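Chain by chain, the residues run as shown.
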Amino acid sequence: MGTSVDVNSENFMAEVAEKSFEKPVLVDFFAQWCGPCQLLKPMLEKLVQEHDVVLAKVDIDRSPDLANTYRVEGVPDVRVVMQGKMYSGFVGVLPEPQLKDFVTQLSAFYAQLGSKSELELSLEPVQQQIAEGNIPAAKEQLAQLRQQYPDNAAIAVFSASFLISLDELGEAERVLAPISEGMEGFPLKQSTNTCL
């Protein structure tokens with residue numbers, strides 16, 4: 001059901017942030033030299049096949065910028081991304097039954113989010129403007145939505161993706177800057193099976 005993908009700074013937006021609006025994304029920050037990481041990896045890959053979840057694997061030695069951005073202090077460090085926002089998951093290796101419960105609860109919680117929100121309904125006219133090629137109107141509507149919902153990561157990510165498609169990279173970075181700060185929220189579960 002789910003998928004597993006190697007992620008770095010180049011594909012992080014597409015494979016993690018954007019996909020998190022479709023299904024929950026588990027981000028596994030790991031290192032090749034970390035024994036607990038190697039124990040956790042096959043368990044996560046197996047669970048992802050049983051649930052509609054994306055497993056995004058980030059090698060901290062190949063992508064130290066992502067590890068720094070998200071303040072990874074020990075590995076394995078598993079985070080959850082939903083609706084463009086990153087939450088704490090757990091650090092270390094959880095016993096397999098506890099890990100299975102974690103992923104099952106995450107899938108169930110995300111399924112409850114299935115109905116269209118006020119935000120999704122407000123983005124539909126923007127998507128219509130884009131489909132019709134009315135770029136100035138779409139940009140104006142997105143600017144209004146960002147003012148109306150200044151802390152909403154979904155609007156910021158949608159806006160940034162749209163701006164990137166227009167090759168307006170500087171503006172996309174400006175729109176994303178506020179959501180890259182303080183992306184915490186899920187209760188952190190700690191295990192002693194970590195590499196520092």
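Here goes a summary of the coordinates provided.

Notes on helix α8 (residues 169–176)
So, step 1. Within α8, burial applies to Ala172, Val175 and Leu176. Taken around the axis of α8, the buried residues stretch over an arc of 95°, which confines them to a single face. Every exposed residue of α8 that faces more than 90 degrees away from the buried side is listed here: Gly170 and Glu173.
So, step 2. Along its buried surface, α8 packs onto α1 (12–18), α6 (135–148) and α7 (153–165).

Observations concerning the environment of Val48
So, step 1. With respect to the helices, strands and loops of the structure, Val48 is situated in helix α2 (residues 35–50).
So, step 2. On the accessibility criterion, Val48 (1% relative accessible area) is buried.
So, step 3. Distance in space between the C-alpha atoms of Val48 and Thr3 is 6.5 Å, their sequence separation being 45 residues.
So, step 4. The residues contacting Val48, other than those within four sequence positions of it, are Met1, Gly2, Thr3, Val53 and Leu55.

Some remarks on unusual backbone geometry
So, step 1. Residues Val75 and Pro76 are joined by a peptide bond in cis, for which omega reads 0°.
So, step 2. Assignment of secondary structure puts Pro76 in the loop between α3 (64–69) and β4 (77–82).
So, step 3. In this structure, Arg71 takes a positive phi of about 55° despite not being glycine.
So, step 4. Its place among the elements puts Arg71 in the loop between α3 and β4.
So, step 5. Classification of Arg71 by relative accessible area gives exposed; the value is 56%.

Cut-offs applied
- Residues numbered from 1 in each chain as written.
- Predicted model: local features only at pLDDT ≥ 70, side-chain atom pairs only at ≥ 80, totals over all residues.
- Heavy atoms only, no water.
- Buried < 20%, exposed > 50% of the residue type's maximum accessible area, 1.4 Å probe, protein only.
- Helix = DSSP H or I, 4+ residues; strand = E, 2+ residues; numbered from the N terminus.
- Arc of directions from axis to C-beta.
- Contact = heavy atoms within 4.5 Å.

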